[in-house]
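Chain by chain, the residues run as shown.
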Amino acid sequence: MVTLIIIIKEHEARKGVMEMALRAKKVIDALARELNLPGEAILEEGLKSFLEKKLRSIKAEIFQIAGKYGVSSVEEMEALYRRGVLEEEGSLDDYHRLDHLEYKKERLEEILEELR
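Residues numbered from 1 in each chain as written. Predicted model: local features only at pLDDT ≥ 70, side-chain atom pairs only at ≥ 80, totals over all residues. Heavy atoms only, no water.

1. Things to note about a negative patch on the surface
Right, on to step 1. Together, E75, E76, D99 and E106 make up a region of like negative charge exposed at the surface.
Right, on to step 2. With respect to the helices, strands and loops of the structure, E106 is situated in helix α4 (residues 92-115).
Right, on to step 3. For E106, a relative accessible area of 45% puts it in the partly exposed group. (Patch = residues over 30% accessible without salt bridge, like charges linked within 9 Å, V, L, I, M, F, W, Y side chains within 5 Å. Areas by Shrake-Rupley, 256 points an atom, 1.4 Å probe, with all protein chains shown as cover. Salt bridge = Lys/Arg side-chain N within 4 Å of Asp/Glu carboxyl O. Lys, Arg positive; Asp, Glu negative; His and termini not counted. Charge placed at Lys NZ, Arg CZ, Asp CG, Glu CD. Helix = DSSP H or I, 4+ residues; strand = E, 2+ residues; numbered from the N terminus. Buried < 20%, exposed > 50% of the residue type's maximum accessible area, 1.4 Å probe, protein only.)

2. A look at the packing of aromatic side chains
By convention here, two paired aromatic rings are described through the distance between centres and the angle between planes.
Right, on to step 1. Summed over all chains, the structure comprises one aromatic pair.
Right, on to step 2. Relative to Y95, the ring of Y81 lies with its centre 5.5 Å away and its plane at 75 degrees, an arrangement referred to as edge-to-face. Within this pair, whereas Y81 is found in helix α3 (residues 74-83), its partner Y95 is found in helix α4, the two being separated by 14 residues in sequence. Accessibility assignment for this pair places Y81 and Y95 in one class, buried. (Phe/Tyr/Trp six-rings, centres within 6.5 Å; stacked < 30°, edge-to-face > 60°.)

Just geometry here; none of it tells us what the structure is for.
And the structure:
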């Protein structure tokens, strides 16, 4: 019975993905006709815009956290810990968040570079 439920859920998930892909294709095709552009160009530009928006958001959050501690990177924040200038208590969550955001920023920049 459990196996059957898993199979049904996987089928529903695939069906949902297919429906979403078909809707996206219809929208892209309609835009391509309306704007007289290739669908691939619309998809690529849309993807670039989406990634650039995410990158701006990540950079803003990095700026906010880094500014809170007067640093420009997670490495500088780590140096403050090592020198005893900054206590982990109350700042460790920000340290981990900054580290994660810097990783995401680098990955998005790499992906955008590949798209250019």
